[in-house]
Amino acid sequence: MNLGEPINSTEGESCPYVTSDGKLLIFTSTRMIQEYETQPLQPIDSFKDKSESFDDGALNIFYTSTTFIERLRARIIEEN
């Protein structure tokens, strides 16, 4: 089920996990916080820096509060 923002994006999300205390949803995503834009004849160093950063789009780990679950549940119940 697509949970919408901020969980789902236009990129690929996977591996959802709720912590044992039920307070956090942890998941991976190929999204980037800051997109990488190339320019003609741009030095390779800027690409190297981006590819070695946490924001490289290679299944980064994200987390959020699970409070959205109750809001989602209420919306689904209301729609049905």
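Residues numbered from 1 in each chain as written. Predicted model: local features only at pLDDT ≥ 70, side-chain atom pairs only at ≥ 80, totals over all residues. Heavy atoms only, no water.

One pass over the full model with this rule turns up 3 salt bridges. Close ionic contact of Arg-31 with Glu-13 constitutes a salt bridge, the shortest N to O distance being 3.2 Å. Residue Arg-31 is located in the loop between β2 (24–29) and α1 (44–51), and its partner Glu-13 is located in strand β1 (residues 13–18); the two are separated by 18 residues in the primary sequence. Overall, Arg-31 belongs to the buried group, its relative accessible area being 13%. One salt bridge connects Arg-75 with Glu-79, and the closest N-O pair in it is separated by 3.6 Å. Linking Arg-75 with Glu-79, this pair stays in helix α2 (residues 67–79), spanning 4 residues, or about one helical turn. Judged by its relative accessible area of 59%, Glu-79 is exposed. (Salt bridge = Lys/Arg side-chain N within 4 Å of Asp/Glu carboxyl O. Helix = DSSP H or I, 4+ residues; strand = E, 2+ residues; numbered from the N terminus. Buried < 20%, exposed > 50% of the residue type's maximum accessible area, 1.4 Å probe, protein only.)

Secondary-structure assignment places Asp-55 in the loop between α1 and β3 (60–65). Take Asp-55: its relative accessible area is 5%, and that puts it in the buried class. As a C-alpha pair, Asp-55 and Leu-72 span 17 residues in sequence and 28 Å in three-dimensional space. Discounting residues that sit within four places of it in the chain, Asp-55 has contacts with Arg-31, Met-32, Ile-33, Gln-34, Lys-50 and Asn-60. (Contact = heavy atoms within 4.5 Å.)

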